[in-house]
Amino acid sequence: MKPDSKIYIAGHRGLVGSAITRRLRSGGYSNLSLRTHAELDLLDQRAVDEFFARERPEYVFLAAARVGGIHANNTYRADFIYQNLMIESNVIHASYRHGVKKLMFLGSSCIYPKYAPQPMKEEHLLTGLLEPTNEPYAIAKIAGIKMCDAYNRQYGTNYISAMPTNLYGPGDNYDLQNSHVLPALIRKMHEAKTNGGKEVVVWGTGTPRREFLYSDDLADACVFLMEGRNAKEIGEFINIGSGREVTIHELAELVAQVVEFHGTLVFDGSKPDGTPRKLLDVSRLLALGWQAKTNLREGISKAYSDFLKNITHAV
């Protein structure tokens, strides 16, 4: 990619897309093509094709997706599989039809089997059953990986698939019904502190282990791969993560420290835990010369500062 290359970021307002947009701008890329959902509905195949025909982007970051935590994934199962399949199908096919030089498809670590060996290596894909609560989303993301690989094999395209671990950072979703665990904890503890609450209820037993990556670190990894690597070097897809994990109990305690909530944490074992452990093996990415820079406490502090700045919009 060159500073004046035309780059389309699908989903530029989301957690991942906004981070990629920030990283590109700070890296001197000035010819960014951005569209809101109101301006371009990625579920509309004709609209997407017409956009690519008109704009002719050279590079594409496919960060648009229907996302959410356990509750949202398990409740809106049809929405999650339909919308994600349509978004990726429309954007990937339009990229092929209109000569995009290089595309990056962003997936999720939930593509791996529920009881995959830990840490999870790229070759563990499709070796076991998926976590039931987010199976529709996972299947859609696996389809995106396979679609990119199929186009690379049949048409000689240069489409890279990257699977990030659990993400958090500026612009996250803090809706308690649909958010992921870390932003939900930030909001719950902030509101408890503000309202004089004595306890915060955390879903599950607190024992599952999770890996977290600050969104700006992910964006840096994405640009690193798009600038210097090709699909043939990377293979079907590559993991992106911090390589470090904590229990949900440890995470809740860390958020409480950052937010300065001094009440009691109550773990509700009647709520689902999800996958027992999700740690990505990032040895392939490390071998290419990239590693995460932001530790978890620093990242949570940055995320909480962003939450406070945008609190009326965040909730």
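Check the entry above for the structure.
Keep in mind it's a predicted model, so treat the numbers as computed, not measured.

**Student:** An account of the overall build of the protein chain is requested, with residue identities and associated values reported.
**Tutor:** A tally of helices and strands in the protein chain yields 12 helices and 12 strands. At 19 Å, the protein chain has a C-alpha radius of gyration in line with the 20 Å of a compact globule built from 315 residues. Along the three orthogonal principal directions, the C-alpha set of the protein chain runs to about 60 × 40 × 40 Å. Relative to its 315 residues, the protein chain shows a buried fraction of 54%. Counting every atom, the protein chain has about 13900 Å² of accessible surface; 49% of that belongs to carbon and sulfur. Distance from the positive charge centre (37 side chains) to the negative charge centre (35 side chains) of the protein chain: 3 Å.

**Student:** Would you mind going over unusual backbone geometry in detail, with residue names and values included?
**Tutor:** Pro119 follows Gln118 through a cis peptide bond whose omega is -10 degrees. Residue position: Pro119 is located in the loop between β4 (102–106) and α5 (135–155). Unlike most non-glycine residues, Glu260 shows phi in positive territory, near 65 degrees. Among the structural elements, Glu260 can be located in the loop between α9 (248–259) and β11 (264–268).

**Student:** Could you give me a rundown of the pairing of strand β1 (residues 7–10), with the residues and numbers involved?
**Tutor:** In regular strands, side chains alternate between the two faces of the sheet. The alternating pattern of β1 places Ile7 and Ile9 and Tyr8 and Ala10 on opposite faces, both of which are buried. In this sheet, strand β2 (residues 32–33) lies alongside β1 in parallel orientation, the contact comprising 2 bridges. Looking at β2, one finds that Ile7 is bridged to Leu32. Since β1 and β2 lie parallel, the crossover through helix α1 (residues 15–26) that links them has a hand, and here it is right-handed.

**Student:** Which residues make up the environment of Ala252, and what values do they have?
**Tutor:** Tracing the chain through its elements places Ala252 in helix α9. Along the backbone, Ala252 and Arg284 are 32 residues apart, and their C-alpha atoms lie at a distance of 30 Å. With residues near it in sequence (within four places) discarded, Ala252 still touches Leu185, Met189, Val202, Leu265 and Phe267.

**Student:** Please set out the packing of aromatic side chains residue by residue, giving values where relevant.
**Tutor:** As enumerated under the stated definition, the model contains 12 aromatic pairs in all. Centroid distance Tyr8 to Phe52: 5.8 Å. Interplanar angle 90 degrees. Geometry classified as edge-to-face. A residue pair is termed long-range when its members are at least 10 positions apart, and Tyr8 in strand β1 and Phe52 in helix α2 (residues 45–55) qualify at 44 residues. Summarising the burial analysis for this pair, Tyr8 and Phe52 share the class buried. Consider the rings of Phe80 and Tyr137, whose centres lie 6.0 Å apart with planes at 75 degrees: the pair is edge-to-face. With Phe80 in helix α4 (residues 77–97) and Tyr137 in helix α5, this pair connects stretches of sequence that are 57 residues apart. On the basis of relative accessibility, which here comes to 9%, the residue Tyr137 falls in the buried class. Within the aromatic cluster, the residues linked to one another by ring pairs are Tyr8, Phe51 and Phe52.

Thresholds applied
- Residues numbered from 1 in each chain as written.
- Predicted model: local features only at pLDDT ≥ 70, side-chain atom pairs only at ≥ 80, totals over all residues.
- Heavy atoms only, no water.
- Helix = DSSP H or I, 4+ residues; strand = E, 2+ residues; numbered from the N terminus.
- Rg over C-alpha atoms; globule rule 2.2 N^0.38 Å.
- Buried < 20%, exposed > 50% of the residue type's maximum accessible area, 1.4 Å probe, protein only.
- Areas by Shrake-Rupley, 256 points an atom, 1.4 Å probe, with all protein chains shown as cover.
- Lys, Arg positive; Asp, Glu negative; His and termini not counted.
- Charge placed at Lys NZ, Arg CZ, Asp CG, Glu CD.
- Pairing = 2+ DSSP bridges.
- Right-handed = clockwise from strand over helix to strand, strands pointing away.
- Contact = heavy atoms within 4.5 Å.
- Phe/Tyr/Trp six-rings, centres within 6.5 Å; stacked < 30°, edge-to-face > 60°.

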